[in-house]
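Each chain is listed here by its residues.
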Amino acid sequence: MSQSYDRGLIEDFGRWREFSAGMWAWVFHKFTGWVLIAYLFTHIAVLSTSIEAADASAAVIANGEDVYTQTLHGLESIVIVRFLEVGLLAVAVFHILNGVRLLLVDLGLGLEQQDKSFYASLVLTGAIVVASVPTFLTGAF
Ligand code: HEM
């Protein structure tokens, strides 16, 4: 007969101050991975307006009056959407850099420098995101 044990909460987030770099890397990687999955649905919803737009006449499309172009312009005119785009870039860049780092670790590369490579992913993500701000926010206000 099987027995069950009360092992308590295994990942106790109340102890976040004690988390190591590796634990933060794990938390951020999970968080960013699932944010990207959630974003996919928004992305598909916006792109699907191009199906209807494809039926518009060439003149309507050339003038940017089709539903796809109008949807994009409408979204870009909302300031919070511009900030969300910066956040999405941050999430995607971190996930990619940390993901490549994890793949290298899986190959046995940089096993002794895992903390340093995690911090490098964070710093590089920050630099890329800061550099992107003018692109995303120009004309937003
Ligand atoms: C170049 C791009 C990407 C790289 C290099 C990458 C890399 C990785 C790696 C190595 C893992 C496994 C981490 C582990 O060992 O636990 C992972 C997990 C994951 N990735 Fe990515 N990924 C990329 C793009 C994406 C995209 C575009 C999405 C979503 C649309 C995504 C969603 C996820 C999710 C949901 C997980 C599982 C998170 C969990 O542990 O619950 N990834 N990724």
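Reading the values: the criteria
- Residues numbered from 1 in each chain as written.
- Predicted model: local features only at pLDDT ≥ 70, side-chain atom pairs only at ≥ 80, totals over all residues.
- Heavy atoms only, no water.
- Helix = DSSP H or I, 4+ residues; strand = E, 2+ residues; numbered from the N terminus.
- Rg over C-alpha atoms; globule rule 2.2 N^0.38 Å.
- UniProt positions renumbered as here; feature names shortened; annotations may be inferred.
- Phe/Tyr/Trp six-rings, centres within 6.5 Å; stacked < 30°, edge-to-face > 60°.
- Buried < 20%, exposed > 50% of the residue type's maximum accessible area, 1.4 Å probe, protein only.
- Near = heavy atom within 4 Å.
- Polar contact = N/O pair within 3.5 Å; in protein donor to acceptor, adjacent residues only side chain to side chain.
- Donors = N, O, S within 2.8 Å, 3.2 Å for Na, K, Ca; no water.
- Axes fitted to C-alpha atoms, helices over the stretch in contact; angles between N-to-C directions.
- Parallel < 35°, antiparallel > 145°, perpendicular 65-115°, else oblique.
- Contact = heavy atoms within 4.5 Å.
- Nonpolar A, V, L, I, M, F, W, Y, C, P; charged D, E, K, R; others polar.
- Patch = residues over 30% accessible without salt bridge, like charges linked within 9 Å, V, L, I, M, F, W, Y side chains within 5 Å.
- Areas by Shrake-Rupley, 256 points an atom, 1.4 Å probe, with all protein chains shown as cover.
- Salt bridge = Lys/Arg side-chain N within 4 Å of Asp/Glu carboxyl O.

1. A short note on the overall build of the chain
- Helix and strand content of the chain: five helices and zero strands.
- Secondary structure elements in the chain, listed N-terminal to C-terminal, are α-α-α-α-α.
- The C-alpha atoms of the chain give 21 Å as radius of gyration, which overshoots the globular expectation for 141 residues (14 Å, by more than 25%).
- Overall size of the chain, expressed as C-alpha extent along the three principal axes, is 70 × 45 × 30 Å.

2. Things to note about the UniProt feature "transmembrane region" (unreviewed entry) in the chain
- The feature "transmembrane region" (unreviewed entry), as given by UniProt, occupies residues 21–41, 78–97 and 118–137 in the numbering adopted here.
- Secondary structure content for residues 78–97 is 95% helix and 0% strand, while the C-alpha to C-alpha distance between its ends is 29 Å.
- The distance separating the terminal C-alpha atoms of residues 118–137 is 28 Å; by composition the span is 100% helix and 0% strand.

3. Here we look at the packing of aromatic side chains
- In total, this model carries seven aromatic pairs according to the counting rule given.
- Ring geometry for W24 and F28: centres 5.7 Å apart, planes at 35°, overall tilted. Taken as a pair, W24 and F28 lie in helix 1 (residues 21–53) at a separation of four residues, close to a single helical turn.
- Accessibility expressed as a relative area gives 26% for W24, which makes it partly exposed.
- Taken together, F19, W24, F28, F94, F118 and Y119 form an aromatic cluster joined through their ring pairs.

4. Quick look at the site of the ligand
- Near the ligand there are 13 residues, and of these H29, K30, W34, L36 and H95 occur at the shortest range.
- K30 has a polar side-chain atom sitting 2.8 Å from an oxygen atom of the ligand.
- H95 has a polar side-chain atom sitting 2.8 Å from a nitrogen atom of the ligand.
- Mapped by element, the contributors of at least two residues to the shell around the ligand are helix 1 and helix 4 (79–106).

5. What to know about the coordination of the iron atom of the ligand
- The sole protein-derived ligand of the iron atom of the ligand is H95 (NE2), positioned 2.1 Å away.
- Along the polypeptide, H95 turns up in helix 4.

6. Describing the packing of helix 1 against helix 3 (residues 67–76)
- One way to put it is that helix 1 packs onto helix 3 with a least axis distance of 7 Å and a crossing angle of 150°. Taken together, the axis directions place helix 1 and helix 3 in an arrangement best described as roughly antiparallel. Counting all contacts with helix 1, which are made through V46, L47, T49, S50, E52 and A53, the residues of helix 3 involved are V67, Y68, T71, L72 and L75.
- Grouping the amino acids of the contact of helix 1 with helix 3 by side-chain chemistry returns seven nonpolar, three polar and one charged.

7. Let's talk about a nonpolar patch on the surface
- Taken together, the side chains of W34, I37, L40, F41 and I44 present a nonpolar region at the surface, about 590 Å² in accessible area.
- Looking at the element boundaries, I37 is found in helix 1.

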